[in-house]
Amino acid sequence: RSAPARPTLGSPMGAATWYAIGNVLSSVAIVLVNKRVFAAGFHFPFTLSFFHFCFTVVFYRLLLACNLFELPSSPMPEADKFKVAFAGVASIGFMNVSLSLNSVGFYQVTKLTIVPVTLLINFYMYTVSTTHKVKLSLLILLAGVGIATVSDVDLRPLGLAFGVLAVLSTAMFQIWQGTKQKEYGMSGTQLQYSVSFYQALSSCGLSLAVESFCLAPQQLDGRGECSDSTMAFLSQWRAGRVPDGIVGTILATCFLALLVNWCSFGLIGKTSPITFQVVGHAKTCLVLIGGDGFFPPA
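Model, not experiment: these values are computed from the prediction.

### Comments concerning the side chain of Gln192
Then, in step 1: Assignment of secondary structure puts Gln192 in helix α7 (residues 188-211).
Then, in step 2: Excluding residues within four positions of it along the chain, Gln192 makes contact with Thr56, Tyr60, Leu258, Asn261, Trp262 and Phe265.

### What to know about a nonpolar patch on the surface
Then, in step 1: On the surface, a cluster of nonpolar side chains totalling about 470 Å² of accessible area is made up of Phe213, Met231, Leu234, Trp237 and Val247.
Then, in step 2: Ranked by residue count, the leading element in the nonpolar patch is helix α8 (residues 230-238), at three residues.
Then, in step 3: By relative accessible area, Val247 is classed as partly exposed at 48%.

### So, the packing of aromatic side chains
Then, in step 1: Throughout the structure, instances matching the rule amount to 16 aromatic pairs.
Then, in step 2: Between the aromatic rings of Tyr19 and Trp262, the centroid separation amounts to 5.3 Å while the plane-to-plane angle is 70°, which identifies the pairing as edge-to-face. In this pair, Tyr19 is assigned in helix α1 (residues 12-39) and Trp262 in helix α9 (residues 246-270), connecting sequence segments 243 residues apart.
Then, in step 3: With 5.5 Å between their ring centres and 80° between their planes, Phe59 and Tyr60 make a pair best called edge-to-face.
Then, in step 4: For Phe59, a relative accessible area of 30% translates into the label partly exposed.
Then, in step 5: Looking at Tyr60, the relative accessible area reads 3%, which means it is buried.
Then, in step 6: By the ring-pair criterion, three or more aromatic residues cluster together here, those being Phe42, Phe44, Phe50, Phe51 and Phe233.

### A word on the packing of helix α6 (residues 157-184) against α7
Angle between the axes and distance between the axes: these two values describe a pair of packed helices.
Then, in step 1: Two numbers describe how α6 lies on α7: the axes approach to 10 Å, and their chain directions differ by 125°. Taken together, the axes of α6 and α7 are oblique relative to one another. Judged by the twist between their axes, the crossing of α6 over α7 is right-handed. Mapping the contact onto sequence places Phe173, Trp176, Gln177, Lys180 and Gln181 in α6 and Gly188, Leu191 and Gln199 in α7.

Cut-off values and rules
- Residues numbered from 1 in each chain as written.
- Predicted model: local features only at pLDDT ≥ 70, side-chain atom pairs only at ≥ 80, totals over all residues.
- Heavy atoms only, no water.
- Helix = DSSP H or I, 4+ residues; strand = E, 2+ residues; numbered from the N terminus.
- Contact = heavy atoms within 4.5 Å.
- Patch = residues over 30% accessible without salt bridge, like charges linked within 9 Å, V, L, I, M, F, W, Y side chains within 5 Å.
- Areas by Shrake-Rupley, 256 points an atom, 1.4 Å probe, with all protein chains shown as cover.
- Salt bridge = Lys/Arg side-chain N within 4 Å of Asp/Glu carboxyl O.
- Buried < 20%, exposed > 50% of the residue type's maximum accessible area, 1.4 Å probe, protein only.
- Phe/Tyr/Trp six-rings, centres within 6.5 Å; stacked < 30°, edge-to-face > 60°.
- Axes fitted to C-alpha atoms, helices over the stretch in contact; angles between N-to-C directions.
- Parallel < 35°, antiparallel > 145°, perpendicular 65-115°, else oblique.
- Left-handed = near helix turned anticlockwise from the far one by under 90°.

So this is what it looks like as structure tokens:
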């Protein structure tokens, strides 16, 4: 019997492997670099996401101008673009709100819940089933990750509501990343290009509504002036009162975000949302290790 052929870079399995490796490395890197940005005083995730999506729009426009990028042959309807983009931005927003309202333990539970919810949505909405062996493997994986990461679970009604919204929006976003690529015959990069404008628009609206102005008394300093908003940070940056290199660090997160999304869209398109979630739990372990290495506890 001849030995089975090894997956090559051009094969679907080979491409998925490289997407998975790139996704893990870039995701771990962006978490650690984002942490540096937040530690420097720029703790505005929606605004940072807005920068990331704007960078993506400009990047693909430049590739188009240089004839280095091909538009999808079957254009995606604007309604579908907005639907996928809004689900992606909602996932980021609801996850952040869930983390702010709940304990870290419950936040980890919501991340673990995405896998079974994705299985259920795939089964009931898209008639996509999974073998019992895969389900058993996922159960063992989730149990192991849960034991390693989940502690001090503190449940609150409002936090539970946002946790449920975070799980549903994340599951739908990842499912649509795969189904829309197949439905319109486009690659991961073409889907990323198609939804990036609406992602930038949605995150811009959230940034203006939530982070650009002081909306609570605790955001004011001792003189009653706004000190905790993107506008206040911009004023501090102009006055030279922010750490050197913050703009370069934010730009670095833009490059990493582009790479993360490129690998994520590609990985889901070549495999499935469940595979993406399994890879995501490997990222969780690496982020914990990297966090202790780069940001040791005082």
